[in-house]
Amino acid sequence: MVSRRDMAARLAQEAAAAARGTDGVAFLRPGLGDVVRGAARLAPPTGGVRVRYEADGAHWRIGIQLVAAQDHRAVDVTRAVRAAVESAAHAVLVEAVAGQEGSVPAAEDGCHVSVSVTITGVA
Amino acid sequence: MAMNTNPPNTPPWQQDGEEDRMHGDGELLPCGRSLASLWEEWDDGDARSDPHVAECPHCTAALGRLSALQDFVGRATDDGTGAADGAGESIASRTESVTARVMDVVRLELRPGLTLPLGEPEEDSWIVEAAVAKVLRRAAETLPGVRAGSCRVRPVADDHVGAGGPLPDMPLHRPVDVHVELAVSMSWAMPELARQVRGRMMAAADEAVGLDVRTIDVSVIDLLDEEAVDAVAGGESERGARW
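As recorded in an unreviewed UniProt entry, chain B goes by the name Asp23/Gls24 family envelope stress response protein, listed as coming from Streptomyces montanisoli.

The name given to chain A in an unreviewed UniProt entry is Asp23/Gls24 family envelope stress response protein, and the organism recorded there is Streptomyces montanisoli.

The following block contains the structure:
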């Protein structure tokens with residue numbers, strides 16, 4: 001059984017990894033601030049990622065906040081991040097339901113994912 | 001201070017705490033390694049061959065952050081802080097500009113403020129006003145003898161949209177108006193200045209951001225004297241293009 005909290009944690013983790021690996025992303029917020037404050041004890045980091053489930057509509061909402069690299073067009077970065085995060089999230093949902101009876105709806109139940117991307121700075 | 005909820009006799013490096021722990025000389029990672037010694041290893045080039053580091057998620061994450069910071073600092077010192085005449089900036093001033101850039105990013109991260117829409121309404125992409133303002137100010141400052149001050153970026157007001165058709169459902173998805181304040185060298189003629197500043201800022205809004213700008217309102221609020229003009233070292237200052 002996959003609890004909703006576990007699912008949210010997995011989604012956050014995969015979303016963070018996907019976003020961070022996208023070309024044009026400098027850091028996830030609070031990214032650089034965390035480095036300066038030395039919060040290196042947290043691993044792996046999901047700062048800058050928020051995951052919420054809306055039962056009405058079986059809707060996973062993922063919010064990403066990031067600092068973009070200055071030599072990339074901001075709107076293009078948000079699009080690339082959205083695509084990467086959507087893909088990663090769908091993989092998590094599909095994997096969770098494969099061979100498992102879960103209490104939380106996943107891809108097979110028509111559950112869907114929407115991703116909001118906010119650029120909080122340009123480095 | 002954080003409450004210590006750990007069972008008794010828990011070694012410090014296994015304890016949970018809200019804040020980073022200071023222990024002895026410096027911070028400890030949860031695995032017991034000191035952050036300072038990890039960074040030293042990294043500097044000496046030994047970190048990768050350290051078997052503990054290779055297997056430890058805390059150390060590898062810390063190194064990831066360090067390398068990201070190093071990249072950022074490297075880029076900050078590489079691009080456009082040099083004087084065009086090749087005289088070479090002092091270490092102090094380069095450090096200052098890197099520090100300023102780091103603090104810029106940190107400051108923005110702490111105070112997001114108003115967000116502006118990017119792309120189409122259904123895209124759910126946003127950028128904070130402060131980030132756009134920074135990009136636009138930087139664009140204006142590529143002109144010689146121009147220093148940008150306050151820069152406000154706001155969605156156009158309702159009654160000014162005019163013949164553009166009905167407003168989209170999402171109230172913020174509309175073009176933006178920009179207000180920028182400048183300090184300029186006395187050698188600028190105002191109409192030419194306004195034209196050039198608008199041109200640079202519009203180009204930056206489109207090419208660096210992807211934001212639809214309707215108007216740019218330019219206010220000159222101060223004059224730069226000649227010494228200040230020479231000190232204005234924008235990354236792409238055109239020296240010699242004096243008017």
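Q: Go over the overall build of chain A with me, naming the residues and quoting the values.
A: For chain A, the helix and strand inventory stands at three helices and four strands. Start at the N end of chain A and walk to the C end: the helices and strands fall as α-β-α-β-β-α-β. Buried residues in chain A amount to 53% of all 123 residues. Counting only contacts in chain A whose residues sit at least 6 apart along the sequence, the fraction spanning at least 24 positions is 73%. Surface exposure of chain A reaches about 5400 Å², of which carbon and sulfur atoms provide 48%.

Q: Explain a negative patch on the surface to me, using residue names and the numbers behind them.
A: On the surface, a cluster of negative charge is made up of Glu40(B), Asp43(B), Asp44(B) and Asp46(B). Look at Asp46(B) and you get partly exposed, because its relative accessible area is 39%.

Q: Explain the packing of helix α5 (residues 129-140) of chain B against helix α6 (residues 190-209) of chain B to me, and be specific about the residues and the numbers.
A: All names here are of chain B. Here α5 crosses α6 at 135°, and the two axes come no closer than 8 Å. In terms of orientation, α5 and α6 fall into the oblique class. Crossing geometry of α5 relative to α6 is assigned as right-handed. Along its contact with α5, which presents Val132, Val135, Leu136, Ala139 and Ala140, the element α6 presents Val197, Arg200, Met201, Ala204, Ala205, Ala208 and Val209. Class assignment for the residues of the contact of α5 with α6 results in eleven nonpolar, no polar and one charged.

Q: Tell me about α5(B), residues and numbers included.
A: Residues and elements named next belong to chain B. For α5, built from twelve residues, the straight-helix expectation of 16 Å at 1.5 Å per residue is met to within 8% by its first-to-last C-alpha distance of 16 Å. Counting buried positions over the twelve residues of α5 gives nine, a clear majority of the element. What α5 keeps buried is the set Glu129, Ala131, Val132, Ala133, Lys134, Val135, Leu136, Ala139 and Ala140.

Q: I'd like a description of helix α1 (residues 4-20) of chain A, backed by residues and values.
A: All names here are of chain A. Counted at 1.5 Å a residue, the expected span for α1 with its 17 residues is 24 Å, and the 24 Å between its end C-alpha atoms agrees. Residues of α1 that are buried include every one of Met7, Ala8, Leu11, Ala12, Ala15, Ala16, Ala18 and Ala19, and no others. All buried residues of α1 lie within an arc of 165° about the axis, which places them on one face of the element. Those residues of α1 hidden inside the fold are in contact with β1 (25-28), β2 (49-54), β3 (59-68) and α3 (74-97).

Q: Go over the nonpolar core with me, naming the residues and quoting the values.
A: Counting residues in hydrophobic clusters, the biggest one holds 67 residues, and the most contacted among them are Ile64(A), Leu66(A) and Leu182(B). The element contributing the most residues to this core is α3(A), with ten residues. Those residues in contact with Ile64(A) that sit more than four places away from it in its chain are Ala15(A), Ala19(A), Leu28(A), Gly48(A), Val49(A), Val81(A), Val85(A), Val115(A), Ser116(A), Val117(A) and Thr118(A). Within the second largest apolar cluster, ten residues are counted, among which are Leu29(B), Cys56(B), Cys59(B) and Leu66(B).

Q: Help me get a handle on unusual backbone geometry, residues and values and all.
A: One non-glycine residue, Ala58(A), lies in the positive phi region at around 45°. You can see Ala58(A) is positioned in the loop between β2 and β3. Residue Ala58(A) is classed as buried on the basis of its relative accessible area of 14%. In this structure, Asp124(B) is a non-glycine residue whose phi angle is positive, near 60°. Relative to the helices and strands, Asp124(B) resides in the loop between β3 (115-118) and β4 (125-128).

Q: Before we move on, can you summarise the environment of Gly32(B) with the specific residues and values?
A: Residues and elements named next belong to chain B. Tracing the chain through its elements places glycine 32 in the loop between β2 (26-27) and α1 (35-44). Here glycine 32 falls in the partly exposed class, since its relative accessible area comes to 28%. Along the primary structure glycine 32 and histidine 58 are separated by 26 residues, whereas in three dimensions their C-alpha atoms are 9.6 Å apart.

Q: Can you lay out the side chain of Gln65(A) for me, pointing to particular residues and giving the numbers?
A: Residue and element names in this part refer to chain A. Along the chain, glutamine 65 turns up in strand β3. Classification of glutamine 65 as buried rests on a relative accessible area of 16%. Among the polar contacts made by the side chain of glutamine 65, one reaches the side chain of arginine 50 at a distance of 3.5 Å.

Q: Let's hear about the sheet that holds strand β5 (residues 146-155) of chain B: which residues, and what values?
A: Residues and elements named next belong to chain B. Spatial ordering of the open sheet is given by β5-β6-β7, a layout of three strands whose pairing is mixed. Strands at the two margins of the open sheet, each flanked by one partner only, are β5 and β7 (213-224). Direction aside, the axes of adjacent strands within the sheet are offset by 15° on average. Sheet topology note: the β5/strand β6 (residues 176-185) ladder contains eight bridges and is antiparallel. Residue pairing in the sheet places cysteine 151 in a bridge with valine 180 of β6. The strands that α5 touches are β5 and β6; relative to β5, the one it contacts most, it runs at about 145°. Contacts from α6 reach β5, β6 and β7, with the element oriented near 130° to β7.

Q: Describe in detail the pairing of β3(A), supporting the description with residues and values.
A: Residue and element names in this part refer to chain A. Of all the ten residues making up β3, eight are buried; the element is thus mostly covered by neighbouring parts of the structure. Direction of pairing for β1 relative to β3: antiparallel, over a ladder of three bridges. What sits directly across from phenylalanine 27, in β3, is valine 67. Pairing between β2 and β3: six bridges, direction antiparallel. Following the sheet pairing, arginine 52 is matched in β3 by arginine 61. As paired strands, β3 and strand β4 (residues 112-122) are joined by ten bridges and run parallel to one another. Directly across from isoleucine 62, in β4, lies its bridge partner valine 115.

Cut-off values and rules
- Residues numbered from 1 in each chain as written.
- Chains lettered and ligands numbered in written order.
- Predicted model: local features only at pLDDT ≥ 70, side-chain atom pairs only at ≥ 80, totals over all residues.
- Heavy atoms only, no water.
- Helix = DSSP H or I, 4+ residues; strand = E, 2+ residues; numbered from the N terminus.
- Buried < 20%, exposed > 50% of the residue type's maximum accessible area, 1.4 Å probe, protein only.
- Contact = heavy atoms within 4.5 Å.
- Areas by Shrake-Rupley, 256 points an atom, 1.4 Å probe, with all protein chains shown as cover.
- Patch = residues over 30% accessible without salt bridge, like charges linked within 9 Å, V, L, I, M, F, W, Y side chains within 5 Å.
- Salt bridge = Lys/Arg side-chain N within 4 Å of Asp/Glu carboxyl O.
- Lys, Arg positive; Asp, Glu negative; His and termini not counted.
- Charge placed at Lys NZ, Arg CZ, Asp CG, Glu CD.
- Axes fitted to C-alpha atoms, helices over the stretch in contact; angles between N-to-C directions.
- Parallel < 35°, antiparallel > 145°, perpendicular 65-115°, else oblique.
- Left-handed = near helix turned anticlockwise from the far one by under 90°.
- Nonpolar A, V, L, I, M, F, W, Y, C, P; charged D, E, K, R; others polar.
- Expected span 1.5 Å × (residues − 1).
- Arc of directions from axis to C-beta.
- Core = buried A, V, L, I, M, F, W, Y, C linked by side-chain atoms within 4.5 Å.
- Polar contact = N/O pair within 3.5 Å; in protein donor to acceptor, adjacent residues only side chain to side chain.
- Pairing = 2+ DSSP bridges.

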